[in-house]
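Descriptive analysis of the structure
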Amino acid sequence: MKKLLKRLCSAFGPTGNEKRVAAVIKDIIGSENVFEDKMGNIVARIASEGKPKLFLSAHMDEVGFMVTEITDSGMIGFGAVGGFDPIVLLSKRVISERGVLGAITSKPIHLMSDEEKKTRTEIDDMYIDIGARSREEALELVSIGDYFCFFSDLVELGGDFIKAKAIDDRGGCAILCSVYNELKDKADRLEYDLYFAFTIREETGKSGVNYISERYNPDYAIVVEGTTANDLYNTPEHKKIARTGCGPAMSFMDGATIYDRAFTKEIMSRCDKEEIKYQIKGFTFAGTDAASYQRGADGAKVAIFSLPVRYIHSQASVVKLEDIESTRKAIIASVSKKEIK
Amino acid sequence: MINLLKRLMYTQGVSGREGDISKVIEKEISPFVSEIWNDKIGNLIAHKKGNGKRILIYTNMDECGFFVNHIDENGLIRVCSTRGLNYDAAIYSDVVSENGVCGILIPETLGEKPTYENVFIDIGAKSKKEAQRRVSVMDSFTCVPRLKKLGATKYSGRPLNNRIGCLALIEAIKAIKDNENDLYFVFTTHAQAENYGSKTAVYSIAPDIIISVSIAKRECSDIKLGMGAGIKIKDIRAACSLSVIEMLRSLAEENKIKYQYEADEISGYDLSLVRSVAHGAEIGAISIPCENSHTTAEVIDIDDVKNVIKLIEVLK
């Protein structure tokens with residue numbers, strides 16, 4: 001699993017430019033019964049005709065940056081692709097789709113006025129420094145519209161934790177790849193006609209999954225996502241959202257979806273029976289791909305497994321390997337026939 | 001009719017938890033329709049077969065409410081809520097869970113504007129353990145239902161929005177005879193969560209004409225209680241099809257049904273969403289004037305409701 005995570009998290013794939021992630025996934029799961037649509041979503045199937053259609057879904061894209069401006073001095077202005085807290089960007093290393101390395105900069109503190117020191121630096125005031133000395137030199141390496149993403153290795157921390165970029169949602173992709181490879185020859189053990197969707201463009205408007213849900217019209221969908229783990233500092237208990245080491249978080253409601261209670265409870269009872277850890281996620285205003293499945297075409301019953309990720313949407317997202325393993329087991333328990341252990 | 005209304009209002013059905021209210025409605029209408037079923041997201045769909053135009057008439061059966069989000073050490077309950085929940089109106093109200101546990105909605109500190117972040121439900125539990133014996137995370141709560149007669153023809157209470165729409169549609173289904181059209185009646189779910197119940201139902205039935213039945217907020221248009229059934233012209237995101245507006249107007253005049261036009265200048269989300277999957281079907285809406293919507297003191301006039309029932313009954 002660590003190897004899978006390393007390959008997937010290292011792949012370059014900001015929203016709208018997921019091709020390299022797709023290539024890695026196809027390499028891991030093979031090409032048999034795997035289909036790539038014209039938008040770039042990948043759908044794999046473990047077919048069992050006549051059973052209800054269940055989609056397991058993870059998104060391939062990560063938050064990143066797009067070049068919007070190149071200054072006369074050769075600095076690269078950029079816009080955010082996906083949601084960021086600007087504070088996580090300063091001094092971070094980034095890499096472009098063409099492999100150009102850079103660092104995110106802004107006015108250094110000793111040049112700031114007292115007024116500027118009191119306010120947060122916004123993305124509009126930040127630039128990527130690629131070491132170019134002029135606009136002409138920069139244009140040889142970078143064009144307007146090029147993508148950048150974080151340049152950050154996967155490393156193991158202590159206590160069963162790993163740090164990487166893009167754990168939201170390559171963690172989900174890695175789990176689905178692993179489940180697919182484990183189950184692909186075992187269709188007779190499954191309760192569903194099982195599909196695996198690796199979707200594009202979740203971080204900016206979910207257009208990938210909207211297409212998938214309208215086109216395939218599943219009966220059930222389980223989304224596998226990254227979520228904020230607020231389990232540090234003095235966060236009050238009810239605002240922790242999700243805690244690391246407690247298994248995947250299942251939601252009853254978020255800002256866009258009221259999850260199907262019977263389906264969610266059925267999954268919980270299977271996890272209880274097999275002693276697989278899970279937790280119930282606290283309410284947040286954010287939405288997930290589950291919203292698109294629930295209301296796409298003539299609707300679907302939806303549930304979610306969210307991986308608790310600390311410092312999500314930063315170059316140093318941190319996840320506990322045990323939670324990834326619990327999520328993998330929980331998915332297998334959810335889709336396997338009841339009588340099979 | 002008022003007894004049935006009371007039964008509909010006293011059956012809890014927060015968005016995503018419409019199982020009980022769906023059963024009550026199903027029992028009322030199943031003798032009057034050819035087939036009836038719940039779809040994947042809980043919409044109750046009833047079909048009265050016919051050879052004419054395929055007409056879909058829908059109204060939502062869910063209501064605003066709270067969900068238990070967390071239980072604190074001291075036994076107080078933290079909540080989140082569906083859309084449309086008016087915390088200013090709900091604070092200090094009696095609340096009741098789907099399992100009948102009673103409580104009160106109280107603010108964490110005095111003087112702050114109440115939101116989901118700073119209110120509790122107090123069920124009188126002395127500890128977390130005691131609270132956990134009576135409620136679970138995910139359970140729904142609503143302000144307690146109530147229905148009071150107000151003067152000669154008005155009624156006040158909650159959740160009139162939108163059980164009054166359910167009542168109108170149920171009574172119309174019972175009254176419709178010899179209608180040659182292919183009629184689908186849908187009691188939708190998730191209206192207080194972006195209205196997607198109606199969207200998925202329209203998608204799967206693919207009707208020629210779509211008519212929504214719902215309350216019209218008096219605060220959002222010139223509509224007045226007691227002045228008859230509302231024929232919707234527009235809301236803030238969608239304009240109704242002229243053909244449907246004209247059909248409803250002429251039916252009302254032919255049948256001497258009291259009506260008024262409604263043009264909502266402030267709210268409305270549902271019709272535009274439905275239109276996005278309607279494949280060009282004509283869309284219109286019949287509305288029941290309502291005051292103080294989304295509070296515990298919603299007011300309707302039962303004479304308006306009777307006009308709405310009559311107008312649905314004569315649809316062709």
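The rules behind these values
Here the residue index of a chain counts from 1 through its sequence in written order. As they are written, the chains are lettered A onward and the ligands numbered 1 onward, keeping that order. The model is predicted, so local features are restricted to residues of pLDDT at least 70 and side-chain atom pairs to those at 80 or more, both for listing and for counting; the totals for chains, interfaces and linings are taken over all residues. Secondary structure elements follow DSSP: runs of H or I of four or more residues count as helices, runs of E of two or more count as strands, with numbering from the N terminus. Just to be clear, the radius of gyration here is over C-alpha atoms, and the globule rule we use is 2.2 Å times residues to the power 0.38. Our exposure labels follow a C-beta count within 10 Å of each residue's own C-beta, placed from the backbone: buried means 20 or more other C-beta atoms, exposed means 12 or fewer, and partly exposed covers the counts in between. The contact rule is simple: place each C-beta atom from the backbone, and if two of them lie within 7 Å, those residues are in contact. Geometry is summarised by axes, namely lines fitted to C-alpha atoms with helices restricted to the contacting stretch, and by angles between N-to-C directions that run from 0 to 180 degrees. Roughly parallel here means an angle under 35 degrees, roughly antiparallel means over 145, roughly perpendicular means 65 to 115, and every remaining angle is called oblique. Whether a crossing is left-handed or right-handed is set by the direction in which the near helix is turned from the far one by less than a right angle, anticlockwise for left-handed and clockwise for right-handed. Reported domain spans reflect what an automatic or database domain assignment gives. All residues other than Ala, Val, Leu, Ile, Met, Phe, Trp, Tyr, Cys, Pro, Asp, Glu, Lys and Arg, Gly among them, are scored as polar; the first ten of these are nonpolar and the last four charged. DSSP calls a pair of strands paired once it identifies at least 2 bridges connecting them. Relevant arc is that of directions from the helix axis to the C-beta atoms, nothing else. Confidence of the predictor in every single residue is expressed as pLDDT, which spans 0 to 100. Seen with its strands pointing away from the viewer, a crossover is right-handed if its path from the first strand over the helix to the second goes clockwise.

1. As for the overall build of chain A
- Helix and strand content of chain A: 9 helices and 17 strands.
- Against the 2.2 N^0.38 benchmark of 20 Å for 341 residues, chain A shows a C-alpha radius of gyration of 21 Å, consistent with a compact globule.
- Seen through its principal axes, chain A has C-alpha atoms that stretch 65 × 45 × 40 Å.
- Taken across its 341 residues, chain A has 48% of its residues classed as buried.
- Looking at chain A alone, contacts between residues at least 24 apart form 76% of all its contacts between residues at least 6 apart.

2. Some remarks on the overall build of chain B
- Each helix and strand in chain B was counted, giving 9 helices and 17 strands.
- For chain B, whose C-alpha radius of gyration is 20 Å, the value lies close to the compact-globule estimate of 20 Å for 316 residues.
- Reported as C-alpha extents along the three principal axes, the dimensions of chain B are approximately 60 × 35 × 35 Å.
- Taken over 316 residues, chain B has a buried fraction of 50%.
- Considering only contacts in chain B between residues 6 or more positions apart, those separated by 24 or more positions represent 75%.

3. Some details on the packing of helix 5 (residues 160-175) of chain B against helix 9 (residues 302-313) of chain B
Residues and elements named next belong to chain B.
- Contact geometry of helix 5 with helix 9 gives a least axis separation of 8 Å together with a crossing angle of 45°. By the angle between their axes, helix 5 is oblique relative to helix 9. For the pair helix 5 and helix 9, the crossing hand works out as right-handed. Residues Ile164, Leu167, Ala168, Leu169, Glu171, Ala172 and Ala175 of helix 5 lie in contact with helix 9, whose contacting residues are Val305, Val308, Ile309, Ile312 and Glu313.

4. Digging into the domain arrangement of chain B
All names here are of chain B.
- Segmentation of chain B into domains returns domain 1 (2-63 + 159-313) and domain 2 (66-143).
- The C-alpha centroid of domain 2 is placed 31 Å from the C-alpha centroid of domain 1.
- Of the residues in the side of domain 1 that touches domain 2, the class split is 2 nonpolar, 6 polar and 2 charged.

5. Things to note about the sheet that holds strand 1 (residues 35-38) of chain B
Residue and element names in this part refer to chain B.
- The strand order across the open sheet built from 8 strands is 1-2-12-3-13-16-14-15, with neighbouring strands paired in mixed fashion. Only two strands of the sheet have a single partner each, and these edge strands are strand 1 and strand 15 (259-263). Put simply, the sheet's adjacent strands are angled 25° from each other on average, direction ignored.
- With 5 bridges connecting them, strand 2 (residues 44-48) and strand 12 (residues 182-188) associate as antiparallel partners. For Ile45, the partnering residue across the bridge sits in strand 12 and is Val186.
- Along the sheet, helix 7 (residues 242-254) makes contact with strand 13 (209-217), strand 14 (229-234), strand 15 and strand 16 (282-290), crossing strand 16 at roughly 55°.

6. Overview of the environment of Phe65(A)
Residue and element names in this part refer to chain A.
- Of note, Phe65 is situated in strand 4 (residues 64-70).
- The spacing of Phe65 and Ile95 is 30 residues in sequence and 9.8 Å in space, taken between C-alpha atoms.
- Here Phe65 is in contact with Phe78, Gly79, Ala80, Val81, Val94, Tyr147 and Phe148, once residues within four sequence places are set aside.

7. Describing the interface of chain A and chain B
- With 17 residues of chain A at the contact, the number on the chain B side is 21 residues.
- Along the lines of polarity and charge, the residues of the side of chain A that touches chain B split into 7 nonpolar, 4 polar and 6 charged.

8. Description of the domain arrangement of chain A
Residues and elements named next belong to chain A.
- Domain boundaries in chain A define domain 1 (2-62 + 165-335) and domain 2 (64-150).
- If you average the C-alpha positions of domain 1 and of domain 2, the two centres end up 31 Å apart.
- Classifying every residue of the side of domain 1 that touches domain 2 by side-chain character gives 2 nonpolar, 7 polar and 3 charged.

9. Concerning unusual backbone geometry
- With an omega of 10°, the peptide bond running from Asp168(A) to Asp169(A) counts as cis.
- Relative to the helices and strands, Asp169(A) is located in helix 5 (residues 167-183).
- In the segment running from Asn161(B) into Asn162(B), the intervening peptide bond is cis, with an omega of 10°.
- Positive phi is not limited to glycine here, since His313(A) has a value of about 60°.
- With respect to the secondary-structure elements, His313(A) resides in the loop between strand 16 (301-310) and strand 17 (317-320).
- With 22 C-beta atoms packed within 10 Å, His313(A) lands in the buried category.

10. As for helix 1 (residues 2-9) of chain B
Residues and elements named next belong to chain B.
- All of the buried residues along helix 1 are Leu5, Leu8 and Met9. With its buried residues spanning 95° around the axis, helix 1 presents them on a single face.
- If you follow the buried residues of helix 1, they end up packed against helix 2 (19-29), strand 10 (146-150), strand 11 (154-158) and helix 5.

11. Observations concerning the sheet that holds strand 7 (residues 102-107) of chain B
Residues and elements named next belong to chain B.
- Around the barrel, 6 strands lie side by side as 4-5-8-7-6-9; this closed barrel has antiparallel pairing. With strand direction ignored, the average angle separating the axes of adjacent strands in the sheet is 45°.
- Where strand 7 and strand 8 (residues 119-122) come together, 4 bridges link them in antiparallel fashion. Bridge pairing links Leu105 to Ile121 in strand 8.

12. As for the confidence of the model for chain B
- With 100% of its residues at a pLDDT of 70 or more, chain B has an overall mean of 95.
- The complex model carries a pTM of 0.92, and its ipTM stands at 0.89.

13. Quick notes on the environment of Gln315(A)
Residues and elements named next belong to chain A.
- Within the secondary structure, Gln315 sits in the loop between strand 16 and strand 17.
- Along the backbone, Gln315 and Lys163 are 152 residues apart, and their C-alpha atoms lie at a distance of 8.6 Å.
- Beyond its immediate stretch of four places on either side in the chain, Gln315 contacts Lys92, Phe150, Ser152 and Lys165.

14. Structural notes on the pairing of strand 15 of chain B
All names here are of chain B.
- For strand 14 and strand 15, the ladder comprises 5 bridges, and the chain directions are parallel. Within strand 15, the position partnered with Lys234 by the bridge is Ala263.
- Remark: the strand 14/helix 7/strand 15 crossover connection has right-handed handedness.

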